[in-house]
Amino acid sequence: MKFKEGAPVHRLWDVIYVVGTLKTETIDSELAQTGYLIEGVDIEDYDDGYYDGDE
């Protein structure tokens, strides 16, 4: 995932939706090699539509 302005890290472990363009591009780093890149334009909260009854 790549954002021109960066992405907030205060919610690093939250489940989110990333809105953007998925491209095929080889990326090599010390952690992994990948063939896909998301050029992100927005981050949205994940909502699975489940309501557990807690307010």
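Residues numbered from 1 in each chain as written. Predicted model: local features only at pLDDT ≥ 70, side-chain atom pairs only at ≥ 80, totals over all residues. Heavy atoms only, no water.

## As for the overall build of the protein
Okay, step 1: Helix and strand content of the protein: 0 helices and 2 strands.
Okay, step 2: In the protein, the share of contacts with a sequence separation of at least 24, taken over all contacts with a separation of at least 6, comes to 44%. (Helix = DSSP H or I, 4+ residues; strand = E, 2+ residues; numbered from the N terminus. Contact = heavy atoms within 4.5 Å.)

## Quick notes on the packing of aromatic side chains
Okay, step 1: Under the criterion given, the structure shown has 1 aromatic pair.
Okay, step 2: Ring centres 5.3 Å apart and planes at 40° place the aromatic pair Y17 and Y46 in the tilted group. Here Y17, found in strand β1 (residues 16-28), pairs with Y46, found in the segment after β2 (33-45); they are 29 residues apart in sequence, far enough to count as distant.
Okay, step 3: Judged by its relative accessible area of 42%, Y46 falls in the partly exposed class. (Phe/Tyr/Trp six-rings, centres within 6.5 Å; stacked < 30°, edge-to-face > 60°. Buried < 20%, exposed > 50% of the residue type's maximum accessible area, 1.4 Å probe, protein only.)

## Things to note about the pairing of β1
Along a regular strand, successive side chains alternate from one face of the sheet to the other.
Okay, step 1: Examined bridge by bridge, β1 and β2 share 11 bridges and lie antiparallel to one another. Opposite T24, over in β2, you have Y36 as the bridge partner. (Pairing = 2+ DSSP bridges.)

## With respect to the environment of K2
Okay, step 1: Mapped onto the elements of the fold, K2 is located in the segment before β1.
Okay, step 2: Judged by its relative accessible area of 48%, K2 falls in the partly exposed class.
Okay, step 3: Separated by 18 residues in sequence, K2 and G20 have C-alpha atoms that sit 9.4 Å apart.

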